[in-house]
Amino acid sequence: MVLAPFFFLVAIFFFAEAYSLFESSRKNVSHIDIAKWQVKVNSQVLNGSVASFNVDNVEWNNYENVKEGKIAPGVSGHFDIEINPNDTETSIRYDVEFDFSNLDESQFVIDKIEEIDNKEIVRTGKYTYSNIMSLDEIKNKEVNTIRVNLSWINDENNNEIDSLLGSVPNNTLNIPVKVTITQHEDGETLTEYIGE
């Protein structure tokens, strides 16, 4: 009975010591800051790393024989894909894949796919175009714009199928596009596509 209070005090001491060690270790949890990742494609914030959409807003050049805002054989135009890593804290790679299967090659021609503002883009697949934006470019608030130039061929042999396109009210061209954004890894390079 005499030793019971002594053991009780010793137990309380060890318990208090263990609890203080637990508290001190809990207070020393380190915080890891994660780099921000927010990329916009054509002004829309990317949810994740892939955006898929249909381009239906081609900017057609005015042609004196066609009503303004409308297209017909002989008219050319373009559409843009804008990559804006506005709030991203890593360098990025982007791959833009076009699906031109809805365009009849006898009617429509893709004249050129380029990056405007004197930037270079690499063709990495049959219809895939890629580039890398460095962290310095992102810090400088640079935006990369891929421009697709296309034309509707004026060929008398196509009169029947051209007329079919024009006979559908409010008909538009739809071009599916898939944009994939990934973090650029050190030493990663873009390999040019060799093919058609």
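A brief look at the structure comes next. As the structure is a computational prediction, the values presented were derived from the model and not from experiment.

**Brief notes about the overall build of the chain**
Thought 1: Check the secondary structure of the chain and you find three helices and 11 strands.
Thought 2: In sequence order, the chain lays out its α and β elements as α-β-β-β-β-β-β-β-β-β-α-β-α-β.
Thought 3: Per-residue burial for the chain yields a buried fraction of 30% across its 196 residues.
Thought 4: For the chain, the accessible area works out to roughly 13300 Å², and carbon and sulfur atoms hold 51% of it.

**Concerning the packing of aromatic side chains**
Thought 1: Under the counting rule described, the total for this entry stands at five aromatic pairs.
Thought 2: For the ring pair Phe100 and Tyr127, a centre distance of 5.4 Å and an interplane angle of 85° mean the geometry is edge-to-face. In this pair, Phe100 is assigned in the loop between β6 (92–98) and β7 (108–115) and Tyr127 in the loop between β8 (122–125) and β9 (128–133), connecting sequence segments 27 residues apart.
Thought 3: These aromatic residues form a ring-pair network of at least three members: Phe79, Phe98, Phe100, Tyr127 and Tyr129.

**Some details on the sheet that holds strand β11 (residues 175–183)**
Thought 1: Ordered in space as β3-β11-β6-β9-β8, the five strands form an open sheet in which the pairing is antiparallel. Where the open sheet ends on each side, the last strands, each with one partner, are β3 (50–55) and β8. Between one strand and the next, the sheet's axes are offset by a mean angle of 25°, whatever the strand orientation.
Thought 2: As paired elements, β3 and β11 share six bridges and run antiparallel to each other. In the strand pairing of β11, Val50 is matched with Thr180.

**Remarks on the nonpolar core**
Thought 1: With 34 residues, the main nonpolar core has Phe79, Ile81, Ile83, Phe98 and Ile146 as its most contacted residues.
Thought 2: Contributions of two or more residues to this core are made by β3, β5 (76–84), β6, β7, β9, β10 (144–152) and β11.
Thought 3: Ignoring anything within four residues of it in the chain, the contact list for Phe98 reads Phe79, Ile81, Ile113, Tyr127, Tyr129, Ile146, Val148, Pro176 and Val177.

**Some details on the side chain of Ser151**
Thought 1: Relative to the assigned elements, Ser151 resides in strand β10.
Thought 2: Separated by 2.5 Å, the side chains of Ser151 and Asp111 make a polar contact.
Thought 3: Ser151 has contacts with Val75, Ser76, Gln107, Phe108, Val109 and Asp111, leaving out every residue within four places of it along the chain.

About the criteria used
- Residues numbered from 1 in each chain as written.
- Predicted model: local features only at pLDDT ≥ 70, side-chain atom pairs only at ≥ 80, totals over all residues.
- Heavy atoms only, no water.
- Helix = DSSP H or I, 4+ residues; strand = E, 2+ residues; numbered from the N terminus.
- Buried < 20%, exposed > 50% of the residue type's maximum accessible area, 1.4 Å probe, protein only.
- Areas by Shrake-Rupley, 256 points an atom, 1.4 Å probe, with all protein chains shown as cover.
- Phe/Tyr/Trp six-rings, centres within 6.5 Å; stacked < 30°, edge-to-face > 60°.
- Pairing = 2+ DSSP bridges.
- Axes fitted to C-alpha atoms, helices over the stretch in contact; angles between N-to-C directions.
- Core = buried A, V, L, I, M, F, W, Y, C linked by side-chain atoms within 4.5 Å.
- Contact = heavy atoms within 4.5 Å.
- Polar contact = N/O pair within 3.5 Å; in protein donor to acceptor, adjacent residues only side chain to side chain.

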